[in-house]
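# What the coordinates show
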Amino acid sequence: RKSEGYTCGIWALLHIISIGVAEQHHHVIGDTSRVTTEMAAVTIHDYINSFLGCKICKINFNKLYQKSCGKDERGCKRFAKDKHKGRRVDPRKNPNLDYWRDFALWIWELHNSINLEVLRERKKIDGEEPSSEEIQNAIYPSVKACPNCRIRNGQWDKDAVYSYLKSVYWPEGV
């Protein structure tokens, strides 16, 4: 797969940050205050809007961010409450690994959605539709890179995806 340079570097950085939040949240900021996935999502939003040069990517990121986080730039509704309990999350008291891993999976979902939107928009300029092969090449990780990431019916095995992302972006616990 052809590298896109700076934009691919931004995505690699976002994946590293997202795995880092999941794996190291208990070490961040000290005893009384912890990073939250909500805070990390807002920080990523601000970073993308300040540093991502790909206009199509930035527009698509903001559309998808608003869809999952809402329009309030001070928070992200996807991460504001514990999905299982419906209460506001206190990161100091939340050992639920799914809560922390969901942030890395959210970045991965955004990455794939934006890859597909950029592909469609580029093909549309030429009056074409993307082929099945082009769509499969745009989705990350590929079946070849992570054969365990997909279940037989084509659905994602999110535990396997998280393990794959961790092995690529947080090898040996960094």
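What you see is a predicted model, and the numbers here were worked out from it, not measured in a lab.

The subject of this paragraph is helix α1 (residues 6–24). Helix length check: α1, at 19 residues, gives a terminal C-alpha distance of 26 Å against a target of 27 Å (1.5 Å per residue), a fit within 8%. Those residues of α1 that sit buried are Thr7, Ile10, Trp11, Leu14, His15, Ser18, Ile19, Gly20, Val21, Ala22 and Glu23. Tucked inside the fold, the buried residues of α1 contact α2 (37–51), α3 (55–69), α5 (97–125) and α7 (158–169).

Relative to the assigned elements, Val21 resides in helix α1. Since its relative accessible area comes to 9%, Val21 is described here as buried. In this structure, Val21 is in contact with Thr37, Ala40, Trp100 and Phe103, ignoring residues within four places of it in sequence.

To continue, consider the side chain of Arg150. Looking at the element boundaries, Arg150 is found in the loop between α6 (132–138) and α7. An unpaired buried charge is present at Arg150: no salt bridge exists, and Asp157, the closest side chain of opposite charge, is 11 Å distant. Of note is the side chain of Arg150, whose polar atom sits 3.2 Å from the side chain of Gln136. The residues contacting Arg150, other than those within four sequence positions of it, are Gln136, Ile139, Pro141, Val143, Gln155, Trp156 and Asp157.

The rules behind the values
Residues numbered from 1 in each chain as written. Predicted model: local features only at pLDDT ≥ 70, side-chain atom pairs only at ≥ 80, totals over all residues. Heavy atoms only, no water. Helix = DSSP H or I, 4+ residues; strand = E, 2+ residues; numbered from the N terminus. Expected span 1.5 Å × (residues − 1). Buried < 20%, exposed > 50% of the residue type's maximum accessible area, 1.4 Å probe, protein only. Contact = heavy atoms within 4.5 Å. Lys, Arg positive; Asp, Glu negative; His and termini not counted. Salt bridge = Lys/Arg side-chain N within 4 Å of Asp/Glu carboxyl O. Polar contact = N/O pair within 3.5 Å; in protein donor to acceptor, adjacent residues only side chain to side chain.

These figures capture arrangement, not role.
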